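Okay, here's what each chain looks like letter by letter:
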Amino acid sequence: MISNYSTASFWLSQLDPQGARDPLDGDRDVDVVIVGAGYTGLWTAYYLKKNAPELNVAVVEANIAGYGASGRNGGWVVGYVAGLEKYVSSLPSAEKRDICNVLFDNVDAIGYVLQDEGIEANFHKGGVIYGAARFPGQVARQKAFLDGLYEAGHTEEDCWWLSADEMSAKVRLRNGYGGVFKKHAAVVHPAKMVRGLADAVEKLGVTIYEQTPAMSVKPGEVVTKNGVVRAPVVVPALEGYSTTVTGLGTRIIPVQSLIIATEPLSESLWDEIGLKNREAFCDGGRMISYGQRSADDRMIFGARGGYVYGAKPRSEFSLSDPEFRPREGLMHDLFPMLKGVEVTHGWGGSLGVPRAFAPHAVFDKRSGLATAGGYVGQGVGPSHLFGRTLADLILERDSEFTRMPWVFGDRPIGRALRRWEPEPFRWLTSRLILSMYEWEEKLCQENASASWGKVIANAINNNLGKLMR
Ligand SMILES: Cc1cc2nc3c(=O)[nH]c(=O)nc-3n(C[C@H](O)[C@H](O)[C@H](O)COP(=O)(O)OP(=O)(O)OC[C@H]3O[C@@H](n4cnc5c(N)ncnc54)[C@H](O)[C@@H]3O)c2cc1C
């Protein structure tokens, strides 16, 4: 029953209880088998069936559709992919612009499919206040980020700088010095979207086996606890759970993000906060915050990552865990008017980080293995584009999507994607990065205008850049 899964996130807890789909009960032969019923797996299935209705497509899912990051995230749908700047750096301006347009159109395309399929997922396109600077030291960094977007093919029509006054007309957070506004962004109820998508895919004729954990993935077959599914095309779409299945190695490792939700807020409190157009928002700190005003008027606020030694995904969280207190603290620091408001939910999930820190879509025709993911925490929008791309690659359709720079066609996954370094290097690096971020935040807070603080912050950033290359 989905009610067993409802504690996984506030979003899943809001859905009506319904039965989980039946597990696999023996061996099967199909044309395409997809492992993982999150957005990536389901969008791939959706576009496969839309373009080739005759295909026999099956999805195997360890829990229920949306149990992973897709049913737990912050609900930002942004017209962007992690690593865009790196992917387009050597391309001519016109090509950069075309690529950005594909990313921007992707946000609207999701809205259209939801509408066409009758999926009520509270999709609303209000843009995003991206990286609100709260200390003078953050202003220059956020402006440099904006310049980087322009360099990557965005224009002043797509994103622009908000002065402190312009920002406070959209959101009133403590110490707002200004920030970047990107208009190609929406918010969504993530669980309604993924569960609705699973229903839509099923209506198209895809069989989804829930409660069916895969144990190994290799060309031609997926071995699950309940039987073997054989298919000429096998699509692992496991993102932050990739390390749990034999055959995929440590090319994508799980990193955790944690979120809280408040009780529904009064209209007068929202008048104080702003976000009238349900804009998504985040602050300019490097602790990676993200928030939205939910359709039922709660503040949804996530921040900060975590990494478990050995690259193990984590799915269980409880609001009483001490790790939620810093998130509450940051939310109260941004929005002092929320002190005294009840935080009703706290949850988290595992997202996937590839060694290149940028997502990929790969189809190796010889082995029949196809995969996409590695969104580095920005996958709600991109997973639609990448699922659609995988479908085109599998169906050998030449499209604007298959020509994107993140598509590594026809080469073994092992050669397209680098492995992560072994432990304890990964764990130590994650500790180092988090400590540096915390230190920088403290420096900013204690002495916002100290020029040596900026120098140290930049040094941190430059060294992080080297570490991540
Ligand atoms: C807390 C949090 C907040 C986030 N906020 C945002 C945001 O606001 N905006 C944004 O763009 N991105 C956000 N992300 C990232 C985004 O949610 C993901 O990039 C996206 O959902 C990835 O979708 P997916 O289908 O690739 O992976 P998942 O949704 O994780 O799907 C993988 C599926 O595989 C299943 N599975 C696991 N093991 C097995 C197995 N052995 N066999 C079969 N199935 C298995 C899981 O149950 C899961 O359903 C966030 C992520 C988290 C965790």
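Computed from a prediction, not measured in an experiment: that's the story for all the values here.

## Looking at the overall build of the protein chain
Here is step 1 of the chain: A tally of helices and strands in the protein chain yields 13 helices and 21 strands.
Here is step 2 of the chain: The C-alpha radius of gyration computed for the protein chain amounts to 21 Å, which stays within 12% of the reference 23 Å derived for 469 residues, consistent with globular compactness.
Here is step 3 of the chain: Each of the three principal axes of the protein chain carries a C-alpha extent, and together these read 65 × 50 × 45 Å.
Here is step 4 of the chain: Out of the 469 residues belonging to the protein chain, those deemed buried represent 58%.

## So, the confidence of the model for the protein chain
Here is step 1 of the chain: When pLDDT is averaged across the protein chain, the result is 92; 94% of the residues are at 70 or more.
Here is step 2 of the chain: Segment residues 465-469 is flagged for pLDDT under 50; beyond a separation of four residues in sequence, or across chains, it makes ten contacts in the model.

## Comments concerning the environment of Arg403
Here is step 1 of the chain: The residue Arg403 is located in the loop between α10 (382-394) and β21 (407-409) in this model.
Here is step 2 of the chain: Judged by relative accessible area, which is 56%, Arg403 ranks as exposed.
Here is step 3 of the chain: Taking the C-alpha atoms as reference, Arg403 lies 10.0 Å from Leu393; in sequence the two are ten residues apart.
Here is step 4 of the chain: A distance of 3.1 Å separates a polar atom in the side chain of Arg403 from a polar atom in the side chain of Asp398.

## Brief notes about the packing of aromatic side chains
Here is step 1 of the chain: Scanning the entire structure with this criterion turns up 17 aromatic pairs.
Here is step 2 of the chain: Centre to centre, the rings of Tyr5 and Tyr67 are 5.4 Å apart; their planes meet at 75°, and the pair counts as edge-to-face. One end of the pair, Tyr5, is in the segment before α1 (10-13); the other, Tyr67, is in the loop between β3 (57-60) and β4 (76-78), and 62 residues separate them in sequence.
Here is step 3 of the chain: Under the relative-accessibility criterion, Tyr5 is labelled buried at 15%.

## With respect to the packing of helix α4 (residues 93-116) against α10
Here is step 1 of the chain: Where α4 contacts α10, the two axes come as close as 9 Å, and the packing angle between them is 90°. Here α4 is positioned roughly perpendicular relative to α10, judged by the angle of their axes. Where α4 abuts α10, its residues Val102, Leu103, Asn106, Ala109, Ile110 and Val113 lie against Pro382, His384, Leu385 and Arg388.
Here is step 2 of the chain: For the contact of α4 with α10, the class distribution of residues is seven nonpolar, two polar and one charged.

## Things to note about the sheet that holds strand β1 (residues 28-29)
Here is step 1 of the chain: Reading across from one edge, β1-β12-β11-β10 is the order of the four strands in this open sheet, with mixed pairing throughout. The open sheet has two edge strands, β1 and β10 (214-218), and neither has a second partner.
Here is step 2 of the chain: As paired strands, strand β11 (residues 221-224) and strand β12 (residues 227-230) are joined by four bridges and run antiparallel to one another. Bridge pairing links Glu221 to Arg230 in β12.

## With respect to the packing of helix α2 (residues 39-51) against α10
Any two packed helices are characterised by the angle at which their axes cross and by the distance between the axes.
Here is step 1 of the chain: For the pair α2 and α10, the least separation of the axes is 7 Å and the interaxial angle reads 45°. Classified by the angle between their axes, α2 and α10 sit oblique to one another. You can see that α2 and α10 cross each other, and the crossing is right-handed. When α2 is examined against α10, the residues Tyr39, Thr40, Trp43, Thr44, Tyr47, Leu48 and Asn51 are found in contact with a partner set consisting of Ser383, His384, Gly387, Arg388, Leu390, Ala391, Asp392 and Ile394.
Here is step 2 of the chain: Across the contact of α2 with α10, the residue classes tally to seven nonpolar, six polar and two charged.

## Focus on the pairing of strand β19 (residues 360-364)
When a strand is regular, its side chains alternate between the sheet's two faces.
Here is step 1 of the chain: Among the five residues that make up β19, five are buried, leaving the element largely enclosed by the rest of the structure.
Here is step 2 of the chain: In β19, alternate side chains face the same way, and those of His360, Val362 and Asp364 on one face and Ala361 and Phe363 on the other are all buried.
Here is step 3 of the chain: Relative to strand β20 (residues 369-373), β19 runs antiparallel, the two sharing five bridges. Opposite Val362, over in β20, you have Thr371 as the bridge partner.
Here is step 4 of the chain: Following β19, the chain reverses through four residues before pairing antiparallel with β20; Gly368 in that reversal takes a positive phi of roughly 80°.
Here is step 5 of the chain: Bridge analysis of β19 against β21 gives three bridges, and the strand direction is parallel. Each bridged residue has a counterpart across the sheet, and for Ala361 the counterpart in β21 is Val407.

## So, the site of the ligand
Here is step 1 of the chain: Thr40, Glu61, Ser70, Ala214 and Val380 are the nearest of the 39 residues found near the ligand.
Here is step 2 of the chain: The separation between an oxygen atom of the ligand and a polar side-chain atom of Thr40 is 2.7 Å.
Here is step 3 of the chain: With respect to the ligand, the backbone of Gly68 contributes an N or O atom lying 3.5 Å from an oxygen atom.
Here is step 4 of the chain: Burial of the ligand by the protein chains amounts to 97% of its free accessible area of 1,000 Å².
Here is step 5 of the chain: Among the secondary structure elements, those contributing two or more residues to the shell around the ligand are α2, β14 (252-262) and β18 (343-354).
Here is step 6 of the chain: When residues in the shell around the ligand are grouped by element, the largest group, three residues, is from β18.
Here is step 7 of the chain: Residues of the shell around the ligand, tallied by class, amount to 19 nonpolar, 17 polar and three charged.
Here is step 8 of the chain: Mapped onto the domain boundaries, the shell around the ligand takes at least three residues apiece from domain 1 (2-73 + 190-250 + 356-416) and domain 2 (113-188 + 254-354).

## Some words on α4
Every α-helix winds through 3.6 residues per turn, so residues three or four apart in the chain are directed the same way.
Here is step 1 of the chain: Along its 24 residues, α4 runs 34 Å from first to last C-alpha, staying within 8% of the 34 Å computed at 1.5 Å per residue.
Here is step 2 of the chain: Along α4, the helix axis deviates most sharply at Asn106, where the bend reaches about 25°.
Here is step 3 of the chain: Looking one or two residues beyond α4, the residue adopting positive phi is Gly118, at roughly 65°.

## Side note on the side chain of Arg278
Here is step 1 of the chain: By the element assignment, Arg278 lies in the loop between α8 (267-273) and β15 (280-283).
Here is step 2 of the chain: No salt bridge is formed by the buried Arg278; the nearest opposite charge belongs to Asp297, separated by 6.8 Å.
Here is step 3 of the chain: Of note is the side chain of Arg278, whose polar atom sits 3.0 Å from the backbone oxygen of Arg293.
Here is step 4 of the chain: Residue contacts for Arg278: discarding those within four places in its chain leaves Asn122, His124, Val187, Gln292, Arg293, Ser294 and Ala295.

## Regarding the side chain of Arg72
Here is step 1 of the chain: Inspection of the secondary structure puts Arg72 in the loop between β3 and β4.
Here is step 2 of the chain: Despite its burial, Arg72 remains without a salt bridge, the nearest opposite charge being carried by Glu316 at 6.1 Å.
Here is step 3 of the chain: One polar contact links the side chain of Arg72 to the main-chain carbonyl oxygen of Ser315, over a distance of 3.0 Å.
Here is step 4 of the chain: In this structure Arg72 touches Ala8, Ser9, Trp11, Tyr67, Ile259, Ser315, Phe317, Trp347, Gly348 and Gly349, once residues within four positions along its chain are discounted.

Here is what the cut-offs are and how they apply
Residues numbered from 1 in each chain as written. Predicted model: local features only at pLDDT ≥ 70, side-chain atom pairs only at ≥ 80, totals over all residues. Heavy atoms only, no water. Helix = DSSP H or I, 4+ residues; strand = E, 2+ residues; numbered from the N terminus. Rg over C-alpha atoms; globule rule 2.2 N^0.38 Å. Buried < 20%, exposed > 50% of the residue type's maximum accessible area, 1.4 Å probe, protein only. pLDDT = per-residue confidence, 0-100. Contact = heavy atoms within 4.5 Å. Polar contact = N/O pair within 3.5 Å; in protein donor to acceptor, adjacent residues only side chain to side chain. Phe/Tyr/Trp six-rings, centres within 6.5 Å; stacked < 30°, edge-to-face > 60°. Axes fitted to C-alpha atoms, helices over the stretch in contact; angles between N-to-C directions. Parallel < 35°, antiparallel > 145°, perpendicular 65-115°, else oblique. Nonpolar A, V, L, I, M, F, W, Y, C, P; charged D, E, K, R; others polar. Pairing = 2+ DSSP bridges. Left-handed = near helix turned anticlockwise from the far one by under 90°. Near = heavy atom within 4 Å. Areas by Shrake-Rupley, 256 points an atom, 1.4 Å probe, with all protein chains shown as cover. Domains from an automatic or database assignment. Expected span 1.5 Å × (residues − 1). Bend = angle between axes of the 7 residues up to and from the residue. Lys, Arg positive; Asp, Glu negative; His and termini not counted. Salt bridge = Lys/Arg side-chain N within 4 Å of Asp/Glu carboxyl O.

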